[in-house]
Amino acid sequence: MNVTAIGHASTHTVTLRGHDLAHEVLGKMDFVEALVLCVLGRRPRAEEKRMIDAILVVALDHGLTPPAIAARMAYLGAPESLAGAVAAGLLGAGSRFLGPASLAAEQFAGWTAGLTDGNGPEAYARLARELAAPSAGTRFVGFGHPVHTEGDPRVPALRRIAQENGFHGKAWRLADAIVQELERQGRRLPLNAAGGTALCVLGMGLEPRLATCLALIGRCGGLVAHILEESAAPLAQDAWRLIDTQFTAPPADIRR
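Per an unreviewed UniProt entry, the protein chain is named citrate synthase (unknown stereospecificity), and its organism is Hydrogenophaga laconesensis. The Sequence similarities (unreviewed entry) comment attached to the protein chain in UniProt states, word for word, "Belongs to the citrate synthase family." Taken from UniProt, the Pathway (unreviewed entry) comment for the protein chain reads in full: "Carbohydrate metabolism; tricarboxylic acid cycle; isocitrate from oxaloacetate: step 1/2."

Here it is, written out as structure tokens:
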């Protein structure tokens, strides 16, 4: 018989990673603690809990992004399905929205594999020059932002929390060296929140995939907020009408 180590339910109990949910988890652990227990099979250290909490908050919302618009449009079409609207928003997460966190983490994990915390600034600067050389053709995931062109305001906060909790590691130092090298070349490409999330996840020693996983968990709350607002103050219908008027009106010369 196949079993899972995550948990199980019986007539009178629910178990999460060997802990009785009703008596050992509820009221004893907050959401981040229970989440880490569920995903990693252990309770987080205090500094991990603070860092993961910050990552969840950073991902919570970023305005009317495509995932939020997708959630609102899905709710417009099926207001009876809150779950479907949230799912529609999550399906809009990928290589351009929310998803880049894991791609950036994988990229930085590869770049820093040969570095140690003992390497000095020269080693990071040298690697940054190699990666940023025009001939290298490197695509820097987790850098640049269409709105925050002068720098993502969430990144300094993530950096501070990473520093305070001991997670400002070699990936952060390489990212800083890359930004400096690009600026030296006249290319302004500051780190964005997806990149900052990736660096924090690597600093904690977690696998790269968890960067996007945490972003998705955080964004669920924001999508619920958009759907509830849509139910009270709809804007999806107006957006549909605008698109229909602007882009689907037939040309004047079409014969009817």
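**What about the overall build of the protein chain?**
Regarding its fold elements, the protein chain presents twelve helices and three strands. In terms of overall dimensions, the protein chain has a C-alpha envelope of 70 × 65 × 35 Å along the principal axes. Counting only residues that meet the buried cut, the protein chain has 39% of its 256 residues in that class. A fraction of 69% describes how many contacts in the protein chain between residues 6 or more apart in sequence connect residues 24 or more apart. Carbon and sulfur atoms make up 58% of the accessible area of the protein chain, which amounts to about 14,300 Å² in all. In the protein chain, which carries 25 positive and 25 negative side-chain charges, the distance between the mean positions of the two groups comes to 4 Å.

**What to know about the domain arrangement of the protein chain**
Split by domain assignment, the protein chain resolves into domain 1 (1-44) and domain 2 (45-233). Each of domain 1 and domain 2 has a C-alpha centre, and these two points are 28 Å apart. Between domain 1 and domain 2, the residue contacts involve eleven residues of the former and eleven residues of the latter. Taking both partners together, domain 1 and domain 2 bury about 770 Å²; carbon and sulfur atoms supply 75% of that area. For the domain 1 face of the interface with domain 2, the top three residues by lost area are Val 32, Leu 35 and Pro 44, together amounting to 51%. Taken together, the connections running from domain 1 to domain 2 amount to three salt bridges. Between Lys 49 and Glu 33 there is a salt bridge, with the nearest N and O atoms lying 3.8 Å from each other. Inspection of the domain 1/domain 2 interface yields two residue pairs in polar contact (both at pLDDT 80 or more). Of the residues assigned to the side of domain 1 that touches domain 2, the class counts are seven nonpolar, no polar and four charged.

**Regarding the sheet that holds strand S1 (residues 7-9)**
If you walk across this open sheet you meet the three strands as S1-S2-S3, and the pairing is antiparallel. The sheet terminates laterally at S1 and strand S3 (19-20), the two strands that pair on one side only. Bridge count between strand S2 (residues 14-16) and S3: two bridges; the pairing is antiparallel. Across the sheet, Leu 16 pairs through a bridge with His 19, a residue of S3.

**Things to note about the pattern of salt bridges**
Under the definition given, this model contains 16 salt bridges. The salt bridge partner of Arg 43 is Glu 33, with a shortest N-O separation of 3.5 Å. Residue Arg 43 is located in the loop between helix H2 (31-40) and helix H3 (46-58), and its partner Glu 33 is located in helix H2; the two are separated by ten residues in the primary sequence. Among the residues examined, Glu 33 registers a relative accessible area of 14% and is labelled buried. The salt bridge partner of Arg 42 is Glu 48, with a shortest N-O separation of 2.9 Å. Salt bridges sharing common partners tie together Asp 30, Glu 33, Arg 43 and Lys 49.

**Points about H3**
The terminal C-alpha atoms of H3 lie 19 Å apart, and with 13 residues this matches the ideal 18 Å at 1.5 Å per residue to within 8%. Among the residues making up H3, those that are buried are Glu 48, Met 51, Ile 52, Ala 54, Ile 55, Leu 56 and Val 58. Lining the buried residues of H3 we find H2, helix H8 (154-164), helix H10 (193-203) and helix H11 (209-232).

Criteria and thresholds
- Residues numbered from 1 in each chain as written.
- Predicted model: local features only at pLDDT ≥ 70, side-chain atom pairs only at ≥ 80, totals over all residues.
- Heavy atoms only, no water.
- UniProt positions renumbered as here; feature names shortened; annotations may be inferred.
- Helix = DSSP H or I, 4+ residues; strand = E, 2+ residues; numbered from the N terminus.
- Buried < 20%, exposed > 50% of the residue type's maximum accessible area, 1.4 Å probe, protein only.
- Contact = heavy atoms within 4.5 Å.
- Areas by Shrake-Rupley, 256 points an atom, 1.4 Å probe, with all protein chains shown as cover.
- Lys, Arg positive; Asp, Glu negative; His and termini not counted.
- Charge placed at Lys NZ, Arg CZ, Asp CG, Glu CD.
- Domains from an automatic or database assignment.
- Buried area = accessible area lost by both parts, 1.4 Å probe.
- Salt bridge = Lys/Arg side-chain N within 4 Å of Asp/Glu carboxyl O.
- Polar contact = N/O pair within 3.5 Å; in protein donor to acceptor, adjacent residues only side chain to side chain.
- Nonpolar A, V, L, I, M, F, W, Y, C, P; charged D, E, K, R; others polar.
- Pairing = 2+ DSSP bridges.
- Expected span 1.5 Å × (residues − 1).

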